[in-house]
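Observations on chain architecture
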Amino acid sequence: MDGHWGAQLARDAKMHLMRWVTALFVLPIVVYLIGFGPRVLFYGLLCLFSCAGLFEFYRMAVPALPRALFYWGFAFSLGWFALLYLNQVLLLLPVLVLLTGVPMAFFMFFSGLKRAHLIGEIGKVAMAPLYISVPLSLLLPLDRHPQGVLWIFFLLVVIFACDCGAFYCGRLFGKHKLHPTISPGKTWEGAVGGTVFSLIASFWFLQITSLRKFDPGVIAFVLMLAVAAQVGDLCESMIKRHYGVKDSGGLLPGHGGVLDRIDSMLFAIPVLCAYVQLFET
């Protein structure tokens, strides 16, 4: 028994070390590109994350997806980012129609009713960009807000604090399972800890940057961000558990795949953009 616990502690220590080493390597690059680098490089990073997340999703959900539709998901995402970069907002809705129209036409001409689970595969092709690419692309117009860069950093600080708080509070104090059928390791104590860490981090960030006052409205907003981030994490866990995989990929040692790292952001970014549009313009 002692040997088992010793091996478990060694594995946990190695995982934590890998997580922090990866974070310390990636974080300065991300901070530079968001805050100081040419905007086209930051937008390119978002597009790269989007494509990596699409690859991981398609590999899990539709491994036998026809190559043409596999490439279509990437083409749609690249086009969507390009239109936002060029500020061609009126073209976004027509292009959005193509997200399902192209897969439907493809199957009609090349597979028809012969392919099993036809509608399900069309839905998965369309779901991935809506789930991954569209939320990430919202950071482009947000970046053009007069204080958009600070709001993006605010989001990252809140989510990072939420992830750390949920992880370590869950490890130290967790007893009551949050959703055992989807993510057995997550607990209510961890969720509360993540929310508290988010509030502390947001207070600290606003004090340093003077972005705005830390008032009841901001507290409510941060609570919504923390809830959205944790729901996003659970939803990605649901997808992985459905397809029987532990991590969406292995690109980021200690963290898993890109989708494992951005899952919280995918639900929190729309909340941030809505708040800034409604209350900070």
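Residues numbered from 1 in each chain as written. Predicted model: local features only at pLDDT ≥ 70, side-chain atom pairs only at ≥ 80, totals over all residues. Heavy atoms only, no water.

Here's the deal with the overall build of the protein
Short version of the rule: Helix and strand definitions follow DSSP, with helices as H or I runs of at least four residues and strands as E runs of at least two, each counted in order from the N terminus. Relative accessibility decides the category of a residue: with a 1.4 Å probe and only protein chains considered, values under 20% of the type maximum give buried, values over 50% give exposed, and everything between is partly exposed.
Secondary structure assignment for the protein yields 10 helices and two strands. Going residue by residue from the N terminus, the α and β elements of the protein occur as α-α-α-α-α-α-α-β-β-α-α-α. When burial is assessed residue by residue, the protein has 45% of its 281 residues classed as buried.

Some thoughts on helix 8 (residues 188–209)
Residue pairs three or four apart in sequence face the same way in an α-helix, which turns once every 3.6 residues. Selection rule: Here a helix's expected span is defined as the number of its residues, less one, multiplied by 1.5 Å. We call two residues in contact whenever any of their non-hydrogen atoms come within 4.5 Å of each other.
Over its 22 residues, helix 8 runs 31 Å from end to end, which matches the ideal 32 Å to within 8%, given 1.5 Å per residue. For helix 8, the set of buried residues is G190, A191, G193, G194, T195, S198, A201, S202, F205 and L206. Of the surrounding elements, those touching the buried residues of helix 8 are helix 7 (148–173), strand 1 (177–179), strand 2 (183–187) and helix 9 (216–243). Following helix 8 by one or two positions, S210 has its phi on the positive side, about 55°.

Some words on the packing of aromatic side chains
To be explicit about the condition: Any Phe, Tyr or Trp ring, taking Trp's six-membered ring, that has another such ring centre within 6.5 Å forms a pair; planes under 30 degrees apart are called stacked, those over 60 apart edge-to-face, and the others tilted.
One pass over the full model with this rule turns up 22 aromatic pairs. Measuring from centroid to centroid gives 5.9 Å for Y58 and F70, while their planes differ by 55°, and the two rings are tilted. Placement of Y58 in helix 2 (residues 39–61) and of F70 in helix 3 (residues 67–85) is noted, with a sequence separation of 12 residues between them. Residue Y58 is classed as buried on the basis of its relative accessible area, which comes to 0%. Taking the centre distance of 5.2 Å and the plane angle of 80° together, the rings of F203 and F214 count as edge-to-face. Here F203 is found in helix 8, whereas its partner F214 is found in the loop between helix 8 and helix 9, with 11 residues between them in sequence.

Section: the pattern of salt bridges
As a reminder of what qualifies: Salt bridge, as used here: a side-chain nitrogen of Lys or Arg that lies within 4 Å of a carboxyl oxygen of Asp or Glu.
Per the counting criterion, the structure on display carries seven salt bridges. Put simply, K186 and D233 hold a salt bridge, and the shortest N to O gap is 3.8 Å. Of this pair, K186 sits in strand 2 while D233 sits in helix 9, and the two are 47 residues apart along the sequence. Measuring nitrogen to oxygen at the nearest pair gives 2.9 Å for the salt bridge that ties D260 to K240.

Focus on the state of the cysteines
We count it as follows: Counting rule for disulfides: a pair of cysteine sulfur atoms within 2.5 Å.
In this structure the tally under the stated criterion is zero disulfides. Not part of a disulfide, C164 finds its nearest cysteine sulfur in C162, a span of 9.5 Å.

Remarks on helix 3
When the terminal C-alpha atoms of helix 3 are compared, their 27 Å separation across 19 residues agrees well with the 27 Å that a helix rising 1.5 Å per residue should span. Lining the buried residues of helix 3 we find helix 2, helix 4 (92–110), helix 5 (118–137) and helix 6 (139–143). Just downstream of helix 3 lies N87, where phi reads positive at about 65°.

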